Amino acid sequence: MDLEARSLQPNVKAVLLAKLREYKSDLNNLKSEHKRLASTNSNQAARDDLLESGMADAMSVSANQRGRLMMSTERLNESSDRIKESRRTMLETEELGVSILQDLHQQRQSLLHANDTKEQLHGVDDNISKSKKILTNMSRRMSRNKWIISSIIVVLVVAIALILYFKLSK
């Protein structure tokens, strides 16, 4: 490893050599601790201390991880609640938009129907005008017919009166 690190570029080489030295010192420390523990294997108290400190470290690490996990879970739940609330708001907004579009569609249909009705009313107005002219003509004819009939009746009455006058006077 040392040879490989020395053959690399200078900027990477310095970092890798520093790490290599650190790992070597850690390895030497672990070897010496292993020898010390192997030699004092008979010393049960030292062994118990080592186990207790390892357990205490593990417990504190476990408690720390548990705390972080609880905080992460709480944040995740809060985010989920916000997402649900946003989705609910989005659905309400969508429903409102659909309702507004339906109202606008109904209003458009009403306006189109009113336009058709307007055209129909123009046709009705034309028909009413024609009907009025026809009724006026009928009224005139009826008046003229009344005058004609009245005149015929008067002529007949005068003729009957003349006939009676001449018949009775002879």
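Only a predicted model underlies this, so the values are computations on that prediction, with no experimental measurement involved.

1. Side note on the overall build of the chain
Moving on, step 1. Assigned secondary structure in the chain consists of three helices and zero strands.
Moving on, step 2. Ordered by position from the N terminus, the helices and strands of the chain form the series α-α-α.
Moving on, step 3. As displayed, the chain offers around 15,800 Å² of accessible surface, 61% of which is attributable to carbon and sulfur atoms.

2. What about the pattern of salt bridges?
Moving on, step 1. Scanning all chains against the criterion turns up two salt bridges.
Moving on, step 2. Between R88 and E85 there is a salt bridge, with its nearest N and O atoms 2.3 Å apart. In this pair, R88 and E85 are both assigned in helix 3 (residues 44–169), three residues apart and thus about one turn of the helix distant.
Moving on, step 3. Residue E92 is joined to R88 by a salt bridge in which the shortest nitrogen-to-oxygen separation is 2.4 Å. Of this pair, E92 and R88 both sit in helix 3, four residues apart, which is roughly one turn of the helix.
Moving on, step 4. Judged by its relative accessible area of 42%, E92 is partly exposed.
Moving on, step 5. The exposure class of R88 is partly exposed, given its relative accessible area of 38%.

3. Considering a nonpolar patch on the surface
Moving on, step 1. Taken together, V154, V158, L162, Y165 and F166 make up a surface patch of nonpolar side chains, about 520 Å² in accessible area.
Moving on, step 2. For V158, the position within the fold is in helix 3.
Moving on, step 3. Take V158: its relative accessible area is 43%, and that puts it in the partly exposed class.

4. Regarding the confidence of the model for the chain
Moving on, step 1. With 84% of its residues at a pLDDT of at least 70, the chain reaches an overall mean of 83.
Moving on, step 2. Mean pLDDT values for the elements of the chain range from 66 in helix 1 (residues 2–6) up to 86 in helix 3.

Here is what the cut-offs are and how they apply
Numbering of residues begins from 1 in every chain and follows the order in which that chain's sequence is written. Since the coordinates come from a predicted model, pLDDT governs what is reported: local features require at least 70, and pairs of side-chain atoms require 80 or more to be given and counted, while whole-chain, interface and lining totals use all residues. Hydrogens and waters are ignored; side-chain quantities use all the structure's heavy atoms. A run of H or I in DSSP counts as a helix once it spans at least four residues, and a run of E counts as a strand once it spans at least two, with each numbered from the N terminus. All accessible-area figures derive from a Shrake-Rupley calculation using a 1.4 Å probe, and residue coverage is judged against the displayed protein chains alone. For this analysis, a salt bridge means a side-chain nitrogen from Lys or Arg found within 4 Å of a carboxyl oxygen belonging to Asp or Glu. Throughout, exposure labels follow a simple rule: accessible area from a 1.4 Å probe, protein chains only, divided by the maximum for the residue type, with under 20% read as buried, over 50% as exposed, and the rest as partly exposed. Patch membership requires over 30% relative accessible area and the absence of a salt bridge. Like charges are linked within 9 Å, and nonpolar side chains (Val, Leu, Ile, Met, Phe, Trp, Tyr) within 5 Å. The quantity known as pLDDT measures the predictor's confidence residue by residue, on a range of 0 to 100.

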